[in-house]
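Architecture and fold: a report
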Amino acid sequence: MSSILTKVKDSRSYKNESDYILDVKDLKKHFPIKAGFLQKTVGSVKAVDGLTFNVKKGETIGIVGESGCGKSTAGRTLIRLYEPTGGDIIFKGRNISKMSEGELRRTIRKDIQMVFQDPYASLNPRKTLKSILSEPMITHNLYGLKERSEKIQDLLDKVGFNPLFINRYPHEFSGGQRQRIGIARALALNPDLIIADEPVSALDVSIQAQIINLMEDLQAELGLTYVFISHDLSVVRHISDRVGVMYLGKIMEFAGKKDLYEDPLHPYTQALMSAVPVPKRKGVQARERIILKGDLPSPANPPRGCVFHTRCPAATDICSQVVPEYKEIKHDHFVACHLY
Ligand SMILES: Nc1ncnc2c1ncn2[C@@H]1O[C@H](COP(=O)(O)OP(=O)(O)OP(=O)(O)O)[C@@H](O)[C@H]1O
Ligand SMILES: [Mg+2]
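The name given to the protein in an unreviewed UniProt entry is Dipeptide ABC transporter ATP-binding protein, with Cytobacillus depressus as the source organism. The heading Sequence similarities (unreviewed entry) in the UniProt record of the protein holds the text "Belongs to the ABC transporter superfamily."

1. Focus on the overall build of the protein
Scanning the protein for helices and strands turns up 11 helices and 12 strands. Computed over the C-alpha atoms, the radius of gyration of the protein is 21 Å, within 12% of the 20 Å expected from 2.2 N^0.38 for a compact globule of 340 residues. Taking the principal axes of its C-alpha atoms as reference, the protein extends roughly 65 × 65 × 40 Å. A buried classification covers 48% of the 340 residues belonging to the protein. Considering only contacts within the protein whose residues lie at least 6 apart along the sequence, 64% involve residues at least 24 apart.

2. Some points on the packing of helix α5 (residues 129–139) against helix α6 (residues 145–158)
Contact geometry of α5 with α6 gives a least axis separation of 10 Å together with a crossing angle of 120°. Here α5 is positioned oblique relative to α6, judged by the angle of their axes. Our pair here, α5 against α6, has a crossing hand that is right-handed. Two secondary-structure elements touch here, α5 through L129, K130, L133, S134, M137 and I138 and α6 through R148, K151, I152, L155 and L156. Its residues assigned to classes, the contact of α5 with α6 shows seven nonpolar, one polar and three charged.

3. Here's the deal with the packing of aromatic side chains
Counted according to the given criterion, the structure contains nine aromatic pairs. When the ring of Y326 is compared with that of F334, the centres are 5.5 Å apart and the planes differ by 20°; the resulting orientation is stacked. Classification of Y326 as partly exposed rests on a relative accessible area of 24%. Grouped by ring-pair contacts, the aromatic residues F161, F165 and F173 constitute a single cluster.

4. Some remarks on unusual backbone geometry
As a rule of thumb, non-glycine residues mostly have phi less than zero, and peptide bonds are mostly trans rather than cis. In this structure, N190 takes a positive phi of about 50° despite not being glycine. Relative to the helices and strands, N190 resides in the loop between α7 (175–187) and β7 (193–197). Look at L248: it is not a glycine, yet its phi comes out positive at around 45°. Summarising the element assignment, L248 is placed in the loop between β9 (242–247) and β10 (250–256). Relative accessible area serves as the criterion here: at 3%, L248 is assigned to the buried category.

Parameters at a glance
- Residues numbered from 1 in each chain as written.
- Chains lettered and ligands numbered in written order.
- Predicted model: local features only at pLDDT ≥ 70, side-chain atom pairs only at ≥ 80, totals over all residues.
- Heavy atoms only, no water.
- UniProt positions renumbered as here; feature names shortened; annotations may be inferred.
- Helix = DSSP H or I, 4+ residues; strand = E, 2+ residues; numbered from the N terminus.
- Rg over C-alpha atoms; globule rule 2.2 N^0.38 Å.
- Buried < 20%, exposed > 50% of the residue type's maximum accessible area, 1.4 Å probe, protein only.
- Contact = heavy atoms within 4.5 Å.
- Axes fitted to C-alpha atoms, helices over the stretch in contact; angles between N-to-C directions.
- Parallel < 35°, antiparallel > 145°, perpendicular 65-115°, else oblique.
- Left-handed = near helix turned anticlockwise from the far one by under 90°.
- Nonpolar A, V, L, I, M, F, W, Y, C, P; charged D, E, K, R; others polar.
- Phe/Tyr/Trp six-rings, centres within 6.5 Å; stacked < 30°, edge-to-face > 60°.

If you want it as structure tokens, here you go:
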């Protein structure tokens, strides 16, 4: 799945703050737990509980972590499909975390789009490809009839579709083709940032590679920025520039891909990485598999101190008492762990 894009990406440099398209500070999303006849709030699910990271223009940030760690909630909160419980989302210099829906629509709704895991569930089965792709443009009152139709042809071309498919319905396409439609629909409004939540997880491995390559080509062509959410460490390694590792609603470690995969610092990242088979090479030691004890605690009742301490092989007394600070250990390498 290699591409020429890697070279282009490595030669980029970022000099000032304005190169950041997204700056997320202590983002939280808690879902209330209601109980009883009066539906009183008795607690909350801390699905996202303090995310801090930034995204540079044109790069791909990968977000990885086990099922239930809050990846999808994070993606949906970033795009303001969910109301944040706390924290700030600075997108292109504007704080969008508290904007009203009207203001979002007038300003940035077009600029951030989402691609979902299951394109079939997110495509209306009664609509043709043409009307699926027109819909976002109509909603945002963009283009006249003729331009719209040209734009649709262009979108189909971009995702490698035959223009004759335009009157077909979602069920007439394969899984990979449907994800191409999902991507084309996300591109219809010329966004800057795409949040992709497990976009290839439902596809066969061979199809996964095609979709990843398509996303990389589109990124190079259109200068797109991606936040790529996945539980699959290999896919994230392939596509990302920098990667954040989530556990129970928090980022445990955030670093450049090479740093993170070759020298993971957080015990949780080390455990995750140890589960990925490493190809046998001369001079490269096979990693010992680290099996984590216990189950993932509930985000409704996360452990005190470091949320990972109940399963951490390196935990000491302080870990059960004090929340570790999320700090920059090396240049652009952040870790939340008392070991550092
Ligand atoms: N709308 C909701 N209301 C209440 N709790 C929710 C809601 N959405 C998610 N959760 C809870 O928040 C936590 C995080 O869920 P989320 O779907 O974000 O995780 P995920 O990392 O995307 O998992 P997966 O890998 O399975 O997709 C889970 O405990 C989930 O049950
Ligand atoms: Mg999810």
